[in-house]
Amino acid sequence: MQSLWKILTVAPLFLLLSLQSSASPANDDQSRPSLSNAHTCVGCVLVVSVIEQLAQVHNSTVQASMERLCSYLPEKLFLKTTCYLVIDKFGSDIIKLLSADMNADVVCHTLEFCKQNTGQPLCHLYPLPKETWKFTLQKARQIVKKSPILKYSRSGSDICSLPVLAKICQKIKLAIEQSVPFKDVDSDKYSVFPTLRGYHWRGRDCNDSDESVYPGRRPNNWDVHQDSNCNGIWGVDPKDGVPYEKKFCEGSQPRGIILLGDSAGAHFHISPEWITVSQMSLNSFINLPTALTNELDWPQLSGATGFLDSTVGIKEKSIYLRLWKRNHCNHRDYQNISRNGASSRNLKKFIESLSRNKTLDYPTIVIYAMIGNDVCSGKSDPVPAMTTPEKLYSNVMQTLKHLNSHLPNGSHVILYGLPDGTFLWDNLHNRYHPLGQLNKDVTYAQLYSFLNCLQVSPCHGWMSSNKTLRTLTSERAEQLSNTLKKIAASEKFTNFNLFYMDFAFHEIIQEWQKRGGQPWQLIEPVDGFHPNEAFSNHISHCSALKTTAEMEPSGDCRPGQVPFAK
């Protein structure tokens, strides 16, 4: 899942993908392409494809289509400026190659943004040219033989070294690595700034100069003088002298919601308008700066902690909004502690960003939803990299012990099982990807093959034409789900009750079909992997019924009375 963020944080400007050369871990596997080069390759192919299709749709020159793309981009984060710099540096060669009917794969290999290492397969998104690849590439190189661009050393470049972009790059890197707000004056892990892990991810701070004021805490002296928990309730009723916090919230058992998740929980989303030229306009990229500074995640719309209304007209609300509707004293008490690429293996690196004080804060509901990366990777042979049931047990127990030492007594923890991802290939492989809809030349099967070849697929195991591999991946996912179920049934903790809930995949599909929808409509169209907003809100509907319901000691959940969200 993390790979898609690396590829597309700057997809409209593939030059900026050099940022990833400093962010990607060292690659000790010589049989695996450099991840930085692979991300750059995908970014180049996407952008060149968009340029070519813009020229086709508007019946314009390649030069005009590049300028059109730049004109669509906002000024924020220097996106428009950088786009014009890219045109100035690479535009002439792109024009020559596209004018010679070279496709995006050939263009990017010729300009060396894509490379075929010795002994490695040729990675391509589009069908191969009718002439041999070797002949076509030689022909393309002759076209740009005298170009000064090929002397440009990409391996040693890092656009983040430019003074004008250094601070922006650093902010993004810090936000990702630490999973805490970059702008947090009082260091209480809450912010008044929306992105860079700000209040899109956790409740908005109402006093960023006082570390004792933050969402989710028990009121200080019933908030007679100030709103210490940021729920908007403070002061004294002049009619009877009773503090409003005491009048409205005492005995209502306020309860926050915290998600420990991966990119699915963070609601990873790439707008189809960014790569679908028939839909592209001046309004297409308005949200791009926000998306980039949120790591291409949209937690403000996620099924667990979303606080904004659905952008696609879905009636179901997030778990947080359901808790808030039942009890307004829960206002702003949400935390989305999710990361692209997160799994049971690396959660320990950022779980410290969770904010809860055993003594000062209200109890909370914690959802553990690492639903993919313990079985998913981009490696050519993903099976050895999968988490074993034994290792998952150890990792989850370490997480639960950490939670038990930090959560207030009376909290609840719910372990989500893993889905059966064979759904992806079965429902998408023969459909056209947004990039291929104009000319009917790119299916999801081709996209999956391209990403798998470069070894940057978010989940080779499920996004594969190999049925045996897809089955093995689902079998391991089921084994890990059973491990989580056993933990919930057998382990006890002093500060929270522990429950297990299956990932209600098939239930959601059936409900969606009853409404007249098709299963493929529940998956993000650009990456062909993540659950989209409709799916996330449907699963939150199921989860909310169980999260805000009476939970049986068996570890199962059933609808019933609501003891903690009055």
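Since we're looking at a predicted model, the values are computed, not measured.

Q: Summarise the pattern of salt bridges; cite the residues concerned and give the values.
A: Applying the stated criterion across every chain, the model contains eight salt bridges. The closest approach of N and O atoms between Lys 247 and Asp 237, which form a salt bridge, is 2.5 Å. Of the two residues, Lys 247 sits in helix H9 (residues 244–249) while Asp 237 sits in the loop between helix H8 (163–178) and H9, which places them 10 residues apart along the sequence. Given the relative accessible area of 33%, Lys 247 is considered partly exposed. The partner of Arg 345 in a salt bridge is Asp 374, and the shortest N-O contact between them spans 3.6 Å. Residue Arg 345 is found in the loop between strand E2 (334–338) and strand E3 (364–369), and its partner Asp 374 is found in the loop between E3 and helix H12 (389–404); the two are separated by 29 residues along the sequence. Residue Arg 345 is classed as partly exposed on the basis of its relative accessible area, which comes to 35%. For Asp 374, a relative accessible area of 1% translates into the label buried. Beyond isolated ion pairs, a larger network of salt bridges with shared partners links Asp 237, Asp 240 and Lys 247.

Q: Mind laying out the side chain of His 530, listing which residues take part and the relevant values?
A: With respect to the secondary-structure elements, His 530 resides in the loop between helix H16 (505–514) and helix H17 (533–547). A polar atom in the side chain of His 530 sits 2.7 Å from the side chain of Ser 263.

Q: A description of the packing of aromatic side chains should follow, citing residues and the corresponding values.
A: In this description, a pair of aromatic rings is defined by centroid distance and the angle of the planes. For the coordinates displayed, the defined rule picks out 12 aromatic pairs. A ring pair is formed by Tyr 190 and Tyr 214, whose centres lie 5.9 Å apart and whose planes are at 10°; its orientation type is stacked. With Tyr 190 in the loop between H8 and H9 and Tyr 214 in the loop between H8 and H9, the pair connects residues that are 24 residues apart, well separated along the chain. Each of the two residues, Tyr 190 as well as Tyr 214, counts as buried. Judged by centre distance (6.1 Å) and plane angle (40°), the rings of Trp 425 and Tyr 448 are tilted. Of this pair, Trp 425 sits in helix H13 (residues 422–428) while Tyr 448 sits in helix H14 (residues 444–454), placing them 23 residues apart in sequence. The buried category is assigned to Trp 425, whose relative accessible area is 12%. Taken together, the ring pairs in this structure connect Phe 423, Phe 503, Phe 505 and Phe 535 into an aromatic cluster. A cation sits over an aromatic face here: Lys 183 above Phe 193, 4.3 Å from the ring centre.

Cut-offs used in this document
- Residues numbered from 1 in each chain as written.
- Predicted model: local features only at pLDDT ≥ 70, side-chain atom pairs only at ≥ 80, totals over all residues.
- Heavy atoms only, no water.
- Salt bridge = Lys/Arg side-chain N within 4 Å of Asp/Glu carboxyl O.
- Helix = DSSP H or I, 4+ residues; strand = E, 2+ residues; numbered from the N terminus.
- Buried < 20%, exposed > 50% of the residue type's maximum accessible area, 1.4 Å probe, protein only.
- Polar contact = N/O pair within 3.5 Å; in protein donor to acceptor, adjacent residues only side chain to side chain.
- Phe/Tyr/Trp six-rings, centres within 6.5 Å; stacked < 30°, edge-to-face > 60°.
- Lys NZ or Arg CZ within 6 Å of the ring centre and 35° of its normal.

Honestly, that's just the spatial picture; any functional story needs more than this.
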